[in-house]
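# Results of the structural survey
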Amino acid sequence: MSSTEESRRRARLRRDSQQWAFDRLVNETGRVFHWQQKGRGRLPEGVKMHAMISKHVGRAAQRLEQLAKAEAAAGHDLTALEFYFDAAFAFANAQHTVFALDDEKKYLHGSVLRCYDEVRRLASYTIEKVDIPWEGTTVSGYLHLADVAGPAPLIFFIPGCDMTKEMVPHPLYNFATQRGMHLFVFDGPGQGESNMRGIKLTVDNYERAASAALTHLLERPDVDADRIGMYSLSFGSYWGVRFAATDDRIAAAAIIWASICDKYYLFEEESPRYKQLFAFLTQAASEAELDEFVAGMSVEDFMARIGCPTLVTIGQYDPRSPVDEVYDMFDLLQAPAELWVFEDQHHNTNLKASFATQWLGDHHSMTMDWLGDRLAGKPIVSPGETKWLAANGVSPNDSRVPRQRSWFDA
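Residues numbered from 1 in each chain as written. Predicted model: local features only at pLDDT ≥ 70, side-chain atom pairs only at ≥ 80, totals over all residues. Heavy atoms only, no water.

### Notes on the packing of helix α3 (residues 53–73) against helix α4 (residues 77–96)
- It is the contact of α3 with α4, at a shortest axis distance of 8 Å, that shows an interaxial angle of 165°. The orientation of α3 with respect to α4, classified from their angle, is roughly antiparallel. As for how α3 packs across α4, the hand of that crossing is left-handed. For the pair α3 and α4, the contacting residues are S54, V57, G58, A61, Q62, L64, E65, L67, A68, K69, E71 and A72 in the first and D77, T79, A80, F83, Y84, D86, A87, A90, F91, N93 and A94 in the second.
- In the contact of α3 with α4, the residues fall into 13 nonpolar, 5 polar and 5 charged. (Axes fitted to C-alpha atoms, helices over the stretch in contact; angles between N-to-C directions. Helix = DSSP H or I, 4+ residues; strand = E, 2+ residues; numbered from the N terminus. Parallel < 35°, antiparallel > 145°, perpendicular 65-115°, else oblique. Left-handed = near helix turned anticlockwise from the far one by under 90°. Contact = heavy atoms within 4.5 Å. Nonpolar A, V, L, I, M, F, W, Y, C, P; charged D, E, K, R; others polar.)

### A closer look at the side chain of Q276
- Within the fold, Q276 resides in helix α10 (residues 272–282).
- Separated by 3.1 Å, the side chains of Q276 and D16 make a polar contact.
- For Q276, the contacting residues outside a window of four places in its chain are R10, L13, D16, Q19, F22 and F99. (Polar contact = N/O pair within 3.5 Å; in protein donor to acceptor, adjacent residues only side chain to side chain.)

### Digging into the confidence of the model for the protein
- Looking at the protein, pLDDT values average 94 and 95% of them are 70 or higher.
- Overall, residues 1–8 carries pLDDT values under 50, and its contacts beyond four positions in sequence, including any with other chains, amount to 7 contacts. (pLDDT = per-residue confidence, 0-100.)

### Describing the state of the cysteines
- Across all of its chains, the model carries 0 disulfides by this definition.
- The closest cysteine sulfur to the non-disulfide-bonded C261 is located on C161, 15 Å from its own sulfur.
- Relative accessible area serves as the criterion here: at 4%, C261 is assigned to the buried category.
- Unpaired in this structure, C308 has its nearest cysteine sulfur neighbour in C261, at a distance of 19 Å. (Disulfide = S-S within 2.5 Å. Buried < 20%, exposed > 50% of the residue type's maximum accessible area, 1.4 Å probe, protein only.)

### Brief notes about the pattern of salt bridges
- If you walk through the whole model with that rule in mind, you get 31 salt bridges.
- One salt bridge in this structure joins E385 and R403, with 2.7 Å as the shortest N-O distance. Of the two residues, E385 sits in the loop between α14 (362–375) and β9 (386–389) while R403 sits in the segment after β9, which places them 18 residues apart along the sequence.
- For R403, a relative accessible area of 39% puts it in the partly exposed group. (Salt bridge = Lys/Arg side-chain N within 4 Å of Asp/Glu carboxyl O.)

### Some points on the pairing of strand β7 (residues 310–315)
- Of all 6 residues that make up β7, 6 are buried, and the element is covered over most of its length.
- Side chains of β7 alternate between two faces, with T310, V312 and I314 and L311, T313 and G315 buried alike.
- Bridging between strand β6 (residues 252–256) and β7 involves 3 bridges; their strand directions are parallel. Pairing of A254 across the sheet is with L311, part of β7.
- Sheet topology places β7 next to strand β8 (residues 337–342); 6 bridges connect them, and they run parallel. Note that in β8 the partner of T310 across the bridge is A337.
- Chirality of the crossover, the property in question, places the unit of β7, helix α13 (residues 323–330) and β8 among those that are right-handed. (Pairing = 2+ DSSP bridges. Right-handed = clockwise from strand over helix to strand, strands pointing away.)

This is how it looks when you write it as structure tokens:
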């Protein structure tokens, strides 16, 4: 078998037999997951099946990059910054659908890095590329530096399994630096540059890599070692639980869109995309090997080990995280914690609901406020409570917010 053929090989899965139905949904909805949301997703109309995504989204990204170059040449730096970020975001989405380290994947991911270098050059604040030696290889992230005097709090952001460090935050709306906190966005095992380096995702190597990155960051004089917050989003919340439970340097943790339940729901009931993706990330030779990996992904034993104040959020009908199971997991926490349940919402929760845009979603801003309060020493007012965030209801910070766990509670 040639090296090219080897790079394209992925274990065949039972869920691959559903590809015809998956492709039909991609064609009809413009989405590869999160089908509960209103309207068509961001995939171009020309995409009729999953295999077409990388090409058509990649072409859209190429156009955005050309627009950015033209605006930069005209001296319109802010407009160029927006287009370069949009291009990096689009290239990142395009490369994510290629489950092999082949020439297409390398071209698309290289384009992500090229466009994001321009974002860093044009941004109004400093974004440092940070490479950390780790276990014979390298893991990377971007450090977004707040313009403040003296050591500042640091938020360690763990993105989801379908994200890269270039996708968050929007450089014109940095939800951490605008609050006087540095933000580190990580490409751990299973994400971005780690994938391109051939780092195999294992059950426990994400938290080891994250701790190595944190050690590196704490050597900096501009980071306040006593005020480290962790913001973990979507599937990143699974890695976040393990990180917070095994590293006591974290002073406050946010587990947003909590993907902390039995992974059966994600890999067997949700979109086929996830199991296909993890076959690539784990480099599993067979489905049996992948199933063994999935069986070891419980975080029940880790919840009680978290020692810092913790925020957990979930949509009432998140298909990967049944709310009753989330309640059971939340109740395992021994640290001061609160749970926000977004009534009638699914995985991507927002108080603004359908009015929220991708990067102005209130889950970013409200999570940063919550972490900022904890890092400033403000205690959780009523630890252990579940706040029920009803549709068209009040803020979790409003004294009138209901404390309940079901729609029929008084």
